[in-house]
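As a plain string of letters, each chain reads:
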Protein chains: 2
Amino acid sequence: MLSILPVRDTLDVIGGKWKILILISIMEGNHHFREIERSIPNLSTKVLSDQLKDLETNQLISRSVSNGFPVRTAYTLTEHGKTLQKLILEMHNWGVLHRKKIIQ
Amino acid sequence: MLSILPVRDTLDVIGGKWKILILISIMEGNHHFREIERSIPNLSTKVLSDQLKDLETNQLISRSVSNGFPVRTAYTLTEHGKTLQKLILEMHNWGVLHRKKIIQ
DNA sequence: GTAATCAGTTACTTCAAGGTAAGTGGTTAC
DNA sequence: GTAACCACTTACCTTGAAGTAACTGATTAC
């Protein structure tokens, strides 16, 4: 008997059009704002900014600003964010399976 | 290097507010239209009807109509639909973990 | 014969996620 | 000193998912 709330919580956090893409981009080594932006086609600065705030609020990523000049911000996965990796891999694998099934 | 498309495919199929809830309801033994509708609070007939069509298009559920009277429709998971169970369980588990982390 | 149930459809509205475009304030390269 | 880059913000607009409400057509119970 699965209760519904936890699954909805998960979708709130990683659902939508961009959140998973941004997480994957950071996982793959893109840590700066423009770097992440350039790595994901059609992602606007406004949407990226909004989504990064959401991800930070949910403690999946952390934002740090270097004290030196030029000031550079760096986004990294938190330990909590890293617990998503297995789930993202599962979603990837199921997506591949599904595409094979549907497109044939 | 995870490509983005498969994860997006997965979200297209199980994302949104209702699809996973409907799948879980069917998994738990609700097979008739009104049965599914009653099992999920605040779900309207129109939305249920739309979502069931989507799920059928994606070959996750199948719709069968009994030849006898009264005509009853039955929605069941396909074999392909059953491959989602592991992923849904993962989403459930991560949701529980996340709620602990955020709400404390 | 009328009230209720099943399995939906149709027409219309609302709303939040996402998109567009321009601007801000600082730094660096030449 | 001006052009370009970094890291955004602000204001406004668009669109599609979801919600509301009423209706359909068949069957069954009383």
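Above this text is the structure in question.
Residues numbered from 1 in each chain as written. Chains lettered and ligands numbered in written order. Predicted model: local features only at pLDDT ≥ 70, side-chain atom pairs only at ≥ 80, totals over all residues. Heavy atoms only, no water.

Moving on, we come to the pattern of salt bridges. For side chains bearing opposite charge, pairing can occur when the charged atoms are close. Residues and elements named next belong to chain B. The tally for this structure, following the rule as stated, stands at 12 salt bridges over all chains. The salt bridge involving arginine 34 is made with glutamate 37; its shortest N-O contact spans 2.7 Å. Of this pair, arginine 34 and glutamate 37 both sit in helix α3 (residues 33-39), 3 residues apart, roughly one helical turn. Lysine 82 is the salt-bridge partner of glutamate 79, the closest N and O atoms lying 3.2 Å from each other. Remark: lysine 82 and glutamate 79 occur in helix α5 (residues 79-82); sequence separation between them is 3 residues, near one turn of the helix. A relative accessible area of 59% places glutamate 79 in the exposed class. (Salt bridge = Lys/Arg side-chain N within 4 Å of Asp/Glu carboxyl O. Helix = DSSP H or I, 4+ residues; strand = E, 2+ residues; numbered from the N terminus. Buried < 20%, exposed > 50% of the residue type's maximum accessible area, 1.4 Å probe, protein only.)

Our focus in this paragraph is the nonpolar core. Formed by 54 residues in total, the largest nonpolar core has its most connected members in Ile22(A), Leu23(A), Ile22(B) and Leu23(B). When sequence neighbours within four positions are dropped, the list of residues in contact with Leu23(B) reads Ile14(B), Leu55(B), Leu60(B), Ile61(B), Leu77(B), Leu84(B) and Ile88(B). (Core = buried A, V, L, I, M, F, W, Y, C linked by side-chain atoms within 4.5 Å. Contact = heavy atoms within 4.5 Å.)

The next point concerns the relation of the copies chain B and chain A. Overlaying chain B with chain A gives an RMSD of 0.0 Å, the required rotation being 180° about an axis along which the chain moves by 0.0 Å. Expressed as an axis order, the relation between the two copies is that of a two-fold axis. Closest approach to the rotation axis within chain B is made by the C-alpha atom of Gly15(B), at a distance of 3.2 Å. Mapped onto chain A, 100% of the interface residues of chain B again fall at the interface, so both copies present the same surface. (Least-squares fit on C-alpha atoms with pLDDT ≥ 70 in both.)

The next point concerns the protein's contact with DNA strand C. Around DNA strand C, the surrounding shell holds 21 residues, and the nearest of these are Lys17(A), Arg34(B), Ser49(B), Arg63(B) and Tyr75(B). Sugar plus phosphate: this is where 58% of the atoms of DNA strand C within 4 Å of the protein reside. With respect to DNA strand C, the side chain of Trp18(A) contributes an N or O atom lying 2.8 Å from a phosphate oxygen. Thr45(B) is positioned with one of its side-chain polar atoms (N or O) 3.3 Å from a base oxygen of DNA strand C. By residue number, the principal contributor to the surface near DNA strand C is helix α4 (residues 45-57) of chain B, which donates 4 residues. For the surface near DNA strand C, a count of residues per class yields 6 nonpolar, 7 polar and 8 charged. (Near = heavy atom within 4 Å. Polar contact = N/O pair within 3.5 Å; in protein donor to acceptor, adjacent residues only side chain to side chain. Nonpolar A, V, L, I, M, F, W, Y, C, P; charged D, E, K, R; others polar.)

By themselves, these are just geometric observations and shouldn't be taken as functional.
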